[in-house]
Amino acid sequence: KADALFFEGDFGAMMSGWTDRYQSFDLPFAAGKMPLLFQNGVWLEDAISGFAFTLPAKHSKSLDISNMDITFFAGLDNVNTPGIVDGAGNATAGNRVLGVTAFIEANQGYWEIGVARVEPKGANLGQAYNNFAAAFTRRYGGRLSNSIRVIHNSGQDPAAGQRRTANGTLLLIENSLVTRQPLTLVPYLNLFYGNDRPQSVARAADAGGILKNTGINFETDGLTGFPRLNDTANNTYGGALGVEYLFDLSRQLVVEVATVRPHGDANNRAI
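Note that this is a predicted model, so its numbers are computed, not measured. (Residues numbered from 1 in each chain as written. Predicted model: local features only at pLDDT ≥ 70, side-chain atom pairs only at ≥ 80, totals over all residues. Heavy atoms only, no water.)

K.L.:
It is not clear to me how helix α1 (residues 11-19) should be interpreted in this structure. Could you clarify?
P.N.:
Along an α-helix, residues three or four positions apart point the same way, because every turn accommodates 3.6 residues. Backbone nitrogen of Gly12 and a side-chain oxygen of the N-cap are separated by 2.8 Å at the start of α1; the cap is Asp10. Backbone geometry just after α1 places Asp20 at a positive phi near 60°. (Polar contact = N/O pair within 3.5 Å; in protein donor to acceptor, adjacent residues only side chain to side chain. Helix = DSSP H or I, 4+ residues; strand = E, 2+ residues; numbered from the N terminus.)

K.L.:
Can you walk me through the layout of surface pockets in this structure?
P.N.:
Empty space left among the atoms is revealed by rolling a probe the size of a water molecule over them. Its volume calculated, the largest pocket comes out at about 970 Å³. In terms of lining residues, the largest pocket is bounded by 40 residues, among which Pro82, Gly89, Ala91, Gln199 and Thr232 are the most central. At the level of elements, β5 (81-85) and β6 (91-92) are the ones that each hand at least two residues to the lining of the largest pocket. With three residues, the top contributor of residues to the lining of the largest pocket is β5. Of the residues contributing to the lining of the largest pocket, the split by class is 14 nonpolar, 17 polar and nine charged. The calculated volume of the second largest pocket comes to roughly 560 Å³. (1 Å grid on protein atoms, 1.4 Å probe; cavity = no way out; pocket = protein on both sides within 12 Å on 5 of 7 lines; lining within 4 Å. Points joined across faces, edges and corners; volume = space filled by probe spheres on them. Nonpolar A, V, L, I, M, F, W, Y, C, P; charged D, E, K, R; others polar.)

K.L.:
How should the pairing of strand β7 (residues 95-106) be read in this particular structure?
P.N.:
Both faces of the sheet carry side chains from a regular strand, because those side chains alternate between them. Here strand β4 (residues 65-77) runs beside β7; their pairing, made up of nine bridges, is antiparallel. Counterpart to Gly75 in the pairing with β7 is Val97. For β7 and strand β8 (residues 109-120), the ladder comprises 12 bridges, and the chain directions are antiparallel. Counterpart to Leu98 in the pairing with β8 is Arg117. If you look at the hairpin formed by β7 and β8, you'll find two residues sitting between the two strands, and Asn107 has a positive phi there, around 55°. (Pairing = 2+ DSSP bridges.)

This is the structure:
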């Protein structure tokens, strides 16, 4: 079973070859079982079966947008999400997704904005949910790199006796200091607050939870299932403080302390 098998190209360049005439537009696309990663893997990290295309290199003088890419994507199968579960409560992969995301350079930083609709196949459409995401990243004073992300789920209406598994909001604040060795020495402080059960659009089975990139204490090794802190953000808050040093790029050392604290209704919290 292939993890990924897809075709990608630029329709504008292909049209130039087919017609032997220059085409003034670019339209990159991909189709097949393709890996997608949006918002640093927080909003989406999965290989879905479907297609995607991008409207690249747009700009707006009136809105002070120097560059903007807009990507449309659709998954017809292999959309993994713990927000849609089977009868045993396990995450499912036979789902569909339709969404759009934009990368916008403006306000001396860049915005990432996305909207998606995730639906199960079959009759249990009550587990379908909407997913909204927005993030802004900027460097301040040449010393602090900061990202603020918000992910919100809504619209799930499960059948009687089933609990909602994709509802709520995640606020994630990522900070790193710009040192004299910005590529190899990175001190960081990441903080989060999760309310109810926020979910990514889709996550591969080995991609960890929505907090995977918050710190190494939230990430398992993907092979043995080594214990980790709760990475669901389900009625929890906390963060990770650490420093990463890559030496000469041949070795890596990470020292980190992290915590997860509960809040809200314990009966509605994932373990």
